[in-house]
Amino acid sequence: MEDQPKKFLHIAVFPWLAFGHIIPFFHLSKLIAQKGHKISFISTPRNIKRLPQLPPGLQPFIKFVELPLPHIDQLPENAEATMDIPTHTVPYLKKAFDGLQQPLTLFLETSTPDCIIYDFAPYWLPPITSKLGVLSIYFSTFTALVMSYGVALLLRGDNIQSGSHFEQNESGVPDMFRMKETLFGAEFIAIRSCMEIEGESLKSLENVCKKKVIPIGLLPPSLEFSEEKKDENWDIILNWLDKQEKQSVVYVAFGSEVILSDEEFSEIAKGLELSSFPFLWILKDQDKHDRFVENDSNKNGLIWSNWAPQLRILAHESIGGFLTHCGWSSVIESLQVGCPLIMLPFQDEQGVNARVMDDKMVGVKVERNEGKFNRDSVAKALRSVMIKEEGTRYRSKAEEMGKIIGDKELHQKYIDEFVDYVELNVLASKH
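Everything quoted here is computed from the prediction, not taken from an experiment. (Residues numbered from 1 in each chain as written. Predicted model: local features only at pLDDT ≥ 70, side-chain atom pairs only at ≥ 80, totals over all residues. Heavy atoms only, no water.)

A. Quick peek at the overall build of the chain. Counting its secondary structure elements, the chain contains 17 helices and 13 strands. Relative to the compact-globule value of 22 Å for 431 residues, the chain shows a C-alpha radius of gyration of 22 Å, a close match. Going through the 431 residues of the chain one by one, you find that 54% of them count as buried. Sequence separation of at least 24 residues holds for 69% of the intrachain contacts in the chain that already meet a minimum separation of 6. Element-wise, carbon and sulfur atoms account for 51% of the exposed surface of the chain, whose accessible area totals about 20300 Å². Placing the 46 positive and 59 negative side-chain charges of the chain at their respective mean positions leaves the two points 2 Å apart. (Helix = DSSP H or I, 4+ residues; strand = E, 2+ residues; numbered from the N terminus. Rg over C-alpha atoms; globule rule 2.2 N^0.38 Å. Buried < 20%, exposed > 50% of the residue type's maximum accessible area, 1.4 Å probe, protein only. Contact = heavy atoms within 4.5 Å. Areas by Shrake-Rupley, 256 points an atom, 1.4 Å probe, with all protein chains shown as cover. Lys, Arg positive; Asp, Glu negative; His and termini not counted. Charge placed at Lys NZ, Arg CZ, Asp CG, Glu CD.)

Written out as structure tokens, the structure is:
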């Protein structure tokens, strides 16, 4: 008997409105599309416009679905992602996001995808997918350890739950309620991780969730940089980096969502000055950028306030360490090119990531005393990684981990297994 022809699926993808989530969801979409499945990538118009260009070969397979974000008085016009607003207004973005329930439902009813891959925020989605017979998959962009902590907290019971994630906020729904509804409403969980780095945590997550947990690999970005599109931002940075000695420069970047207080900013600046290493600091806050330039007595650095190609910078031979907030994407990018970390986490999951990386000796945490760091603790951590003799062990461990992260065959195997599992489950759900 002849084999049945392969059935290609229609998969909807619906990330939360933060680029630390949108980019991994987009990367996963491209990898699934390479296998011939059709993707409907759903987000708001401005976020879709900010995505990287699709390779021509994938354009027939990925369709962008723009859902306009409902207007909320407390949000500035054109604010469609967390990077557009201060942290304290993010609950209003969640409120606007919840306003996408009706248009998303309409899309699912009319386009009838086989399954939807979604994030932690749309707590209202699982009952809709269940009613429509759409297979639902929760995709976590966090580490398995972060997720294990989160789920353990959820399961400990309402009477001992406290902290900002459990509290009612301006969106009307606590974050942990969102996570509970989306996580336990899914058929299974996909996670940006791999057994080689988080084997124990992945097993632990599956045990606490009582659901299938599938690692999809680390989604490492491509190191094959295209030269087709000339970028004058990169040309200026490259020109400066080329003049520096090998592994002498500290790269400083805290992602798009960390907002430094004046005190934190000042202590980091003074710590860089004390350490005396040349640095490249991506500083989005124009006011702080201007003040730094005016008061800077350390002429050893380049302050950059425009967009910068992070992976290209980290891959440059003059970079010796990365002073980072420890967002999972930043950690992956740095270790992919064997660059050790100087870790200064600011938010919950970043602290967990830093603890894992500290245990693996791929970098050093900036010491805090009663929650605060100072210029001396910044300078001390920088020296630990950047001074050749001391830093050798961290660089060696970072390079070892880089071999795992850079193993294309390994990460493709995770994607293959994930897609196979989705295909089987969609087929089973149809019978």
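This is not the end of the story, as more comes after the structure.
B. Spatial organisation of the sheet that holds strand β4 (residues 115–118). Strands sit in the order β3-β2-β1-β4-β5-β6-β7 across an open sheet of seven strands; the sheet is parallel. Looking at strand neighbours, the two that pair on one side only are β3 (62–66) and β7 (213–215), the edges of this open sheet. The mean angle between the axes of side-by-side strands here comes to 25 degrees, regardless of whether they run parallel or antiparallel. One ladder, built from three bridges, connects strand β6 (residues 188–191) with β7; its direction is parallel. Bridge pairing in β7 places Ile189 opposite Val213. Packing against the sheet, helix α4 (residues 101–111) makes contact with β1 (10–14), β2 (38–43), β3 and β4, and its axis sits at approximately 175 degrees to β1. (Pairing = 2+ DSSP bridges. Axes fitted to C-alpha atoms, helices over the stretch in contact; angles between N-to-C directions.)

C. Structural detail: the nonpolar core. Formed by 45 residues in total, the largest nonpolar core has its most connected members in Phe14, Trp16, Leu104, Leu125 and Tyr138. Here this core gets five residues from one element, more than from any other, and that element is helix α3 (residues 90–98). Those residues in contact with Phe14 that lie beyond four places of it in its chain are Phe25, Ile42, Phe97, Leu100, Leu104, Ile116, Ile117, Tyr118, Asp119, Pro122, Trp124 and Leu125. Formed by 39 residues, the second largest nonpolar core is a distinct cluster that contains Ile237, Ile319, Phe322 and Cys339. (Core = buried A, V, L, I, M, F, W, Y, C linked by side-chain atoms within 4.5 Å.)

D. Spotlight on the packing of helix α6 (residues 144–155) against helix α14 (residues 348–359). Viewed as axis vectors pointing N to C, α6 and α14 meet at an angle of 130 degrees, and their least axial separation amounts to 9 Å. One way to sum up the angle between α6 and α14 is to call them oblique. Between α6 and α14 the crossing geometry is right-handed. Where α6 abuts α14, its residues Leu145, Val146 and Tyr149 lie against Glu349, Val352, Asn353, Arg355 and Val356. Of the residues that constitute the contact of α6 with α14, the class distribution is five nonpolar, one polar and two charged. (Parallel < 35°, antiparallel > 145°, perpendicular 65-115°, else oblique. Left-handed = near helix turned anticlockwise from the far one by under 90°. Nonpolar A, V, L, I, M, F, W, Y, C, P; charged D, E, K, R; others polar.)

E. Layout of the side chain of Gln310. Take Gln310: it is sitting in helix α12 (residues 310–315). A polar contact of 3.2 Å, which involves the side chain of Gln310, links it to the side chain of Ser330. A polar side-chain atom of Gln310 sits 3.2 Å from a polar atom in the side chain of Glu333. Gln310 has contacts with Tyr251, Ala253, Phe322, Ser330 and Glu333, leaving out every residue within four places of it along the chain. (Polar contact = N/O pair within 3.5 Å; in protein donor to acceptor, adjacent residues only side chain to side chain.)

F. Structural detail: the pattern of salt bridges. For the structure on display, the rule yields 13 salt bridges. A salt bridge links Asp416 to Lys35, with the nearest nitrogen and oxygen atoms 2.7 Å apart. Linking Asp416 in helix α17 (residues 408–429) with Lys35 in the loop between α1 (19–33) and β2, this pair joins segments that are 381 residues apart in sequence. On the basis of relative accessible area, Lys35 is assigned to the partly exposed category, the value being 27%. One salt bridge connects Glu273 with Lys270, and the closest N-O pair in it is separated by 3.8 Å. With Glu273 and Lys270 both in helix α10 (residues 262–275) and three residues apart, the pair spans about one turn of that helix. Taking the relative accessible area as the measure of exposure, Glu273 reaches 30% and is therefore partly exposed. Taken together, the salt bridges that share partners define one network made up of Arg46, Arg50 and Asp84. (Salt bridge = Lys/Arg side-chain N within 4 Å of Asp/Glu carboxyl O.)

G. Summary view of the sheet that holds strand β11 (residues 319–324). The six strands are arranged β10-β9-β8-β11-β12-β13 in an open sheet whose pairing can be described as parallel. The two strands at the open ends of the sheet, each matched to only one other strand, are β10 (301–304) and β13 (363–365). Ignoring which end each strand starts from, the neighbouring axes of this sheet average 15 degrees apart. With three bridges connecting them, strand β12 (residues 341–343) and β13 associate as parallel partners. Bridge pairing links Ile342 to Val364 in β13. Against the sheet, α14 contacts β12 and β13, and its axis sits at roughly 130 degrees relative to β13.

H. Spatial organisation of α17. In this model, α17 (22 residues) spans 32 Å end to end at C-alpha, consistent with the 32 Å of a helix rising 1.5 Å per residue. Buried within α17 are the following residues: Leu410, His411, Tyr414, Ile415, Phe418, Val419, Val422, Glu423 and Val426. The N-capping residue of α17, defined by a side-chain oxygen 3.2 Å from the backbone nitrogen of Glu409, is Asp407. (Expected span 1.5 Å × (residues − 1).)

I. Molecular detail of the environment of Asp98. Its location among the elements puts Asp98 in helix α3. With relative accessibility at 13%, the residue Asp98 sits in the buried group. Expressed as a C-alpha distance, the spacing of Asp98 and Trp124, which sit 26 residues apart in the sequence, is 8.1 Å. Separated by 3.0 Å, the side chains of Asp98 and Trp124 make a polar contact.

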